[in-house]
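Now for the letters of each chain:
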Amino acid sequence: MYSKTSLNSMNKRPREESGSQSPRKSQHGALKVQDVARGELKHFMFRILMPNGSTLDLKIHDQRNEIPIEEFIGVTKKQYSVVKQGSLKPNRRINWEYPDLHFTDANKKKIQTKLNLLDYIRNYWHFLWLHDGSPEPDIYEGMWDLTPDTDLLKELPDGYTCETALADLIDNSLQALWSNNCKSDTRLISVELRWNKIIIFDSGPGMDGKDGNLVKWGKVGASLHRSARVKAIGGNPPYLVPFFGMFGYGGPFAAMCLGRRAVVSSKTKNCGKVYSLHLEREALIDSSSLENEWRAKGGRRDPSKDEMQKVPHGSFTKVEIFEPKMKIDNIKHFQCKLKDIYFPYIQCDEMSGKTSRPVKFQVNGKDLAGINGGEVAVTNLHSCNGPEFVIQLHFSTSEDTSSRPSQRETVFSEANARLKFVYFPIIEGEENIQRIINILDSEDYGIGESYEKFCRVSIRRLGRLLPDARWSPLPIMEPKTQKGERAKLVKRCCSRVKCFIDTDAGFNPTAQKTDLAQHHLYTKALKNFGNPAFEVGKEMQIKILKDGKQVTVPQLEKLYHDWIIKMHANYDEETDSGLDQPTIVNCSPDIKKYLVEDVPVLRVHKKIQRKGMCWAAGQRLKVLKGACSGFHRNNVYATLECIVLAGLAADACGEAVLICRPLGIPEGSGCKISFDSKNGIGTICINESKVLPIEVIDSNKCIAVDDTEWENKSQQHCQKLPSAIEILENIDCQDLGIEGGMPADVKAGDAPPENVVAVIRPKAFNFENSSERLDQKFVVKDNIRMTLNVQFNPEDKSEDMLIFSSVGTPSSHKGLQGLFIFPVKSKFPNLFQKAGSLTFLLTLTNFPDVRRKHVLQVRACADTGRWKVVRHDDDLYTIRVGSSSADCLHIACFDKYGNSVNFTSVPKLAISFCSTGNEDLNHSCSIKKNLSLRKSRIIFEVVGFKSSKLDIIRPTYKAIINIKTLDGSFSVVHPCCVLPGTPQRVTVHSPNLRKKLFPYQIIEELWFEIFDECGNHVKEGERILLSLDGFSYEAKSCLLEDGSTYLKVDCNGFVDVSNVLKVSKGYGKEAYLSLSFEDKVLFKKNFHIEMRELRTVSKEFTNFHAGSQLENVIFEIVNSEGLVDERVHHNEKLGLYHTLKIKSDTLDIDDSVQYSFRHGRCTIRSIPLPNKEGIFSFSAFHSCYPELVLDIQVHVKSARHESQGSINSHGDLMPPVSSPHGFCEELAIVHQKHSSVHQSPNTPNFGSTCQKVHVKSEDQRSIGHCGEEISTRDICCEDLPFFPQPLATVHPSPSTPNLDNTSKKDVEDEMIESAMNMNKFQSKLKNVDQALQNVFELQVHDCHIGSSLCGKEIVLEKIESKSQPAAALSQKIPGQMPPELSPQDILGIVGLLGNVNNIQLSRMLALYLGDHLMCAVVCKNYSTAEILEAGQMNRGKSLSGGLYTVCLDHFRPFNLEPKVDPQEPLALPLPRMQNGETPPGFLGFAVNMINIDAAFSHWKTTSGHGLRETLFYGIFGELQVYSHKSLMMGAQVFIKNGAVSLDGGLMKGNGLLGFGDWEPDVIFPVLRNADIKQHLEIAKLREEREAIKGSLDMAVTMFSQAREEYLKIRDRIGSDD
């Protein structure tokens, strides 16, 4: 329900959530109490401001709308105590016992009774103040969470300066002013620059902490106004809509760039308090590096009087920056810079037609509108008064930028720009642009630009100047390559045009907002505007408007050139001519590249008038640094050779350049003019001379020098010519007061020199004269750049590696100039830690031949630091029990800096092995060790490793080898793999392996546990050869091509051959199986297959009449104890083939006939005997087991030795038929007797002897104990002449037809056949009843010895105590069932229709269902239930406690398609974890763990579904069963419909949980596996008994019909006589 985060910054805290749309996940989980009935969870976040100045974050996950305040205070106190325990920072104790302890919200609303969650927005942070009677603190620790988004941190700007940082803060203020909706409110931005702090104050709408607005100001990437940028697209120039926000780091990043500490104070109109945010640079850096979060202090206070005086409307924001890094000495310059940047917002002439003041800007109390100066003001002052050339550009694109990775790459669908071109004419031979540069330089604005490099394009975005956007001319401003005077004139004048660009927010600035983003789509299009080679692309369109009309680029170029020519004609004043006769020469390529115009000829003058002076050839000049291109670094002394003018005197073009020869260049290498002897045309060649534009004279960058200065410079030049580089030694550095000097001998760990000091020696320096080493005249002091490269070559490498490179310029110490000092120790304090060679290479930039190379050799440290195992590959070091290691370990010795140290000798070592969990492997082994050739390594080999504890590191076998010296001074630990040895020993696990085997028996449970010589389980995958004799291996996956069977050891060290070995030999045979590995037999066992014998029930086959037959010959298969093996039972469905075949050479027997064995016995109804006497033999044998054979001899005698025949000539083979256990009486068939009685022919005397034939057939549903009632049906035949005695002389009456005699004979035969069938079926019935009785006696015996189990009788007694009607209906007692119902309409009681195999499962399933459902009566349909209810009420019997019924036909089955086998488990999807395994402790589904009662195992509904698919699936569903309740609770996510555990755990789907020791009254019967098999056997016997009883009933019916027919015939014959 509640979750907490850290107190203050003691622990990690979840970051601020900006809203419910994309909340971040908290680092701490939340306790959720889920109640389905109460709806979904609601998430609220509160930041509790404690009275001791600390802060506690609390998250609530609840379904309620209100929380009692006592509960909320209790949770706050509890979470505060938990977090306080982990805090090292002491805080004042909170008075939790304060009588009026309460909370207040941001609106000062007092919360005393309950916290109404409906007053707060979900997933937003809300402030609550806790009051304990103490004064409210001014500052709260960790009040604001300023943790930035990780992705936005990637966009932080580089090169952030104090000026750009301050401008960012002013941007925030300006944008806040524009968002103030009230136009009457004062628009003021005030900047105070003091020595100890900077204050930026604005009169914007302010912030009060609601919706995280104050947090957004201070959080990187959470800008308050980034979303408003789209509003600043479009409109009218100059686009004064200051929605500058783009990246979201302006506020905090700028504040921390300006100072070490900042306080943001803000107040809104509707809030009486001032909220403050405290930013501290060190605190943010520490928290970001340690806890991955930025937390800041905060507080609230009353506004000051001064603040309210500045803003009468009552809202403001003030940013105070303490300990500022920004030191501004010239406030005036700073004021002018700010005025340049925000000029249109300070004073604007374009918004209303007159000058307006959009915003009042103040710096140190002075209004910027009254400040004179600045680049913008100077530039505007020197522009011409002529018309400006203005165009409008509209950019649009269809490019999809939704996938842009950052804000700075976003491209809006449109953007607008206004281009205003202004002409700056030349006046009196001096360019106005040059005048602007001179004025700015004189006022120390320091733009550092020459006339050629002067910014020709400046850009304002949304009215704000981008100070670094000092572009070169746009392509539209560049003159085109055209011929003619007009083109030449345009080319000369185009450099006097400057373009002022105003853009809207469609253009993206750089991160520092000092220029437009160079790679932005619109920026590239603007920068290439007018360039025909630039391809705009289909995704972007540019619309050009001039004076409201759309024009094309060619049209615009023509209009632009016309405007330039017009401005030149009206405003330029220039003169350009020489004072002597020019020499006309061809324009050579050397000069052409310095000219704007492409002219064919040049005029070469020796004199020229410029800027009121005469400049003549041979004049010595000094070109100042930065005068033009190529003169940026030093002043250059040169000799003027000539002045070259472009074109002829009548040409409009007037370009001019100066050609000078620098000092030190010989005259022969200077400029030369040569003439062609044929045509007399001259050609000028510059050679090593320099070309300067004529404008260097106008800019005073080129001045004349006298002879003295020239001679001094010449001498200095000779002295400064470099010849060599020297590294000063330590003594020289000490004289200069510099820590430096290169050491001679270095070992690892020595401190590197503080500095490397070098000087450049001139050619005159003598290296042997040490006294002149520090003489200035022998040290070149020119401004030459020197490069130091330090390279390192390790001991074992052949190539040098560059460590660092540094470029230095000359400096001076103690008056000595030209010192090159390269700091080494401060940058690379560990330079001398690695052994090898260090090369210091010094070179000069302009003198590639002058260099110095110094090599230092670093030796290893003498102190040994550590040992380390050195491997040549990434394979894990592996050893195996009982064998030597496959490879060797190489141990190297290193000093404390990691340098290799050679061994002096092989030390005595100790070795130990342990698991990764530091468990000792209790090993024994020996080691071999020796030194390598270079003595840098010890080669280590493990021999004869033995350990018996490798199972603790199975299955990865990853271990750790620890090698150390005997004194423990050095040791090395290395991961390794310790594998068990080869298989050596086998342990057999099988509960049935010692029992006797049977042919074709499958060994169900057999595992071999494989060990090595030390008792470890062998590793997974070892192949064990399985050898068999008398067995067959059913799994073919392990058979190789040669027929061998190899078994793989599993991950537990076992070989599982369960259910794959099948006995292949017959009864009485010998068999064996063995396991071997690499020709070594690990296990061998011999087996003896059970002995079986085929015999007959009858022991003698003698005295049989010739021509008769053997009837009902019973064969039995008995074991060695003489007991019948009832498992020999033919069942083709189960694949059990047990049949008997008879073969004889002397008897007429069909040997293709097979006779089925039933429970160990096979009965052959008849075997015909020959018509002659003698001894005849035949063989009976099992069709599948030829060893089960029996040879029988039959003695046949002549039929004349017998005075009378009998129906059963081998009656001695048939035992008397009797009813088993009183179930049926003996059927007596009286044989027919013949007597010689002579009577008169006229009076036929037909006498007969009648006997009563009793036939009893059972009509019982089940066989119980011996005392059960058995209903019988008597068939009596009174005075029936069954076999009449023949008369001595029979004279048939004439009226007696012969048909009656014939019919009488047929009826007698039919009666005899029916009687024999009755006898046969009664014999079968006797055998089945005897088998049933044996099973029942076994059950009774098991009930006496298994008192811990619960049988059906005990369950029935419990049901009777609970519900007598249910118990009566379950037994179907007559009188209890309504007459309208049949017994088939009611199945029984739920608790009696199934059983389980353990008492714990029975109790838990009964507890899950309850007694009412356990005692429910199971009916076929609803009509049966209604009849039951009506029948009970009609008999006047009250249903005490009620009666539940279950109607199966209305149950929805598991599947629409019924199963073939009703006992088959349902295919329910198993719960699976991510690794694919079931949860720990999962035993199965309850519906599949209950056994259907044997009597109803084949019962089905009208749709063909069994009880498992209908009844038990309906009451249990997908109920899961677990072994322990702890495992059940751990698997809650996998449980759908509920679960139970065997140790008393109960879980239902509605959230109900139960635990304890349960004893329900009514449980399911508990049967052992043997009992279940007995029940299945009973079901089969009952099924067989029903079929025999049906056949018996049919035989009795046929006998009755034949008897009646016989009586009719007898009566008719008697009446005829």
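Rules of the game
Residues numbered from 1 in each chain as written. Predicted model: local features only at pLDDT ≥ 70, side-chain atom pairs only at ≥ 80, totals over all residues. Heavy atoms only, no water. Pairing = 2+ DSSP bridges. Helix = DSSP H or I, 4+ residues; strand = E, 2+ residues; numbered from the N terminus. Axes fitted to C-alpha atoms, helices over the stretch in contact; angles between N-to-C directions. Phe/Tyr/Trp six-rings, centres within 6.5 Å; stacked < 30°, edge-to-face > 60°. Buried < 20%, exposed > 50% of the residue type's maximum accessible area, 1.4 Å probe, protein only. Core = buried A, V, L, I, M, F, W, Y, C linked by side-chain atoms within 4.5 Å. Patch = residues over 30% accessible without salt bridge, like charges linked within 9 Å, V, L, I, M, F, W, Y side chains within 5 Å. Areas by Shrake-Rupley, 256 points an atom, 1.4 Å probe, with all protein chains shown as cover. Salt bridge = Lys/Arg side-chain N within 4 Å of Asp/Glu carboxyl O. Lys, Arg positive; Asp, Glu negative; His and termini not counted. Charge placed at Lys NZ, Arg CZ, Asp CG, Glu CD. Polar contact = N/O pair within 3.5 Å; in protein donor to acceptor, adjacent residues only side chain to side chain. Contact = heavy atoms within 4.5 Å. Expected span 1.5 Å × (residues − 1). Arc of directions from axis to C-beta. pLDDT = per-residue confidence, 0-100.

(A) Looking closely at the sheet that holds strand E64 (residues 1070-1077). If you walk across this open sheet you meet the four strands as E61-E59-E64-E65, and the pairing is antiparallel. The open sheet has two free edges, formed respectively by strand E61 (1045-1048) and strand E65 (1080-1088), since each of these has just one partner strand. The sheet shows a mean angle of 25° between the axes of neighbouring strands, taken without regard to direction. Here E64 runs beside E65; their pairing, made up of eight bridges, is antiparallel. Paired with Phe1077 across the two strands is Lys1080, which belongs to E65.

(B) Broad picture of the packing of aromatic side chains. Inspection of the entire model under this criterion finds 32 aromatic pairs. Ring centres of Phe72 and Phe103 lie 5.2 Å apart, and the angle between their planes is 65°; this geometry places the pair in the edge-to-face category. Highlighted residues: Phe72 in helix H1 (residues 69-85) and Phe103 in strand E5 (residues 102-104), separated in sequence by 31 residues. Residue classification places Phe72 among the buried positions, given a relative accessible area of 0%. On the basis of an interplanar angle of 55° and a centroid distance of 5.3 Å, the ring pair of Phe1008 and Phe1083 is categorised as tilted. With Phe1008 in strand E58 (residues 1007-1011) and Phe1083 in strand E65, this pair connects stretches of sequence that are 75 residues apart. Ring pairs connect the aromatic residues Phe389, Phe421, Tyr423, Tyr560 and Trp563, which therefore count as one cluster.

(C) Representation of the nonpolar core. Ranked by internal contacts, the top residues of the largest apolar core, which has 75 residues, are Trp144, Tyr342 and Phe361. Per-element tally for this core: the top contributor is helix H3 (residues 162-178), with nine residues. Grouped together as the second largest cluster of nonpolar side chains are 56 residues, Ile1359, Leu1392, Leu1393 and Phe1564 included.

(D) Region of the structure containing a negative patch on the surface. Residues Asp1306, Glu1310, Glu1313, Glu1604 and Glu1605 make up a contiguous surface patch of negative charge. The set of elements that each furnish at least two residues to the negative patch consists of helix H19 (1298-1345) and helix H28 (1569-1616). In this fold, Glu1313 is placed in helix H19.

(E) Structural detail: the environment of Val230. With respect to the helices and strands, the residue Val230 is situated in the loop between helix H4 (213-218) and helix H5 (250-258). Accessibility expressed as a relative area gives 47% for Val230, which makes it partly exposed. When the C-alpha positions of Val230 and Gly506 are compared, they lie 7.8 Å apart, and in sequence the two are 276 residues distant.

(F) Region of the structure containing the side chain of His1182. Within the secondary structure layout, His1182 lies in strand E72 (residues 1174-1182). What makes His1182 buried here is its relative accessible area of 1%. Within polar-contact distance, the side chain of His1182 engages the side chain of His1138 at 3.1 Å.

(G) Summary view of helix H22 (residues 1399-1409). For H22, the buried fraction is high: eight of the eleven residues fall into the buried class. On its buried face, H22 sits against helix H23 (1411-1414), helix H25 (1486-1489), helix H26 (1508-1516), strand E80 (1520-1522), strand E81 (1538-1541) and strand E82 (1546-1548). With a side-chain oxygen lying 3.2 Å from the backbone nitrogen of Gln1400, the N-terminal cap of H22 falls on Asn1398. Just beyond H22, the residue with positive phi is Gly1410, at close to 90°.

(H) Local environment of the pattern of salt bridges. Tallied over the full model, the rule gives 38 salt bridges. Its salt-bridge partner being Lys513, residue Asp171 comes within 3.9 Å of it at the nearest N-O pair. With Asp171 in helix H3 and Lys513 in the loop between strand E24 (497-503) and helix H13 (521-527), the pair connects residues that are 342 residues apart, well separated along the chain. With relative accessibility at 10%, the residue Lys513 sits in the buried group. Among the ionic pairs, Glu1116 bridges to Arg1095, the shortest N-O distance being 3.3 Å. Remark: Arg1095 occurs in strand E66 (residues 1093-1096) and Glu1116 occurs in strand E68 (residues 1109-1118); sequence separation between them is 21 residues.

(I) A look at the sheet that holds strand E40 (residues 755-762). Taken in spatial order, the four strands of this open sheet run E38-E40-E44-E43, and their pairing is antiparallel. Here the strands that pair on one side only, and so sit at the sheet edges, are strand E38 (722-727) and strand E43 (811-813). Taking each pair of neighbouring strands and ignoring which way they run, the sheet shows an average axis angle of 45°. Inspection of the sheet shows E40 paired to strand E44 (residues 816-823) by four bridges, in the antiparallel sense. Paired with Asn755 across the strands is Pro823, a residue of E44.

(J) Representation of H1 in the model. For H1, which comprises 17 residues, the first-to-last C-alpha distance of 24 Å matches the rise-based estimate of 24 Å (1.5 Å per residue) to within 8%. Those residues of H1 that sit buried are Ile69, Phe72, Ile73, Val75, Thr76, Gln79, Tyr80 and Val83. All buried residues of H1 fall inside an arc of 160° around its axis, so they share one side. Exposed and facing more than 90 degrees away from the buried side of H1 are Glu70, Lys78 and Gln85.

(K) Structural view of the confidence of the model for the protein chain. When the pLDDT values of the protein chain are averaged, the result is 77; 80% of them are 70 or greater. Scored below 50 in pLDDT, residues 150-155 makes 15 contacts in the model with residues more than four places away or belonging to other chains. Low confidence marks residues 1340-1348, where pLDDT is under 50. Its contacts with residues over four positions away, or in another chain, come to four contacts.

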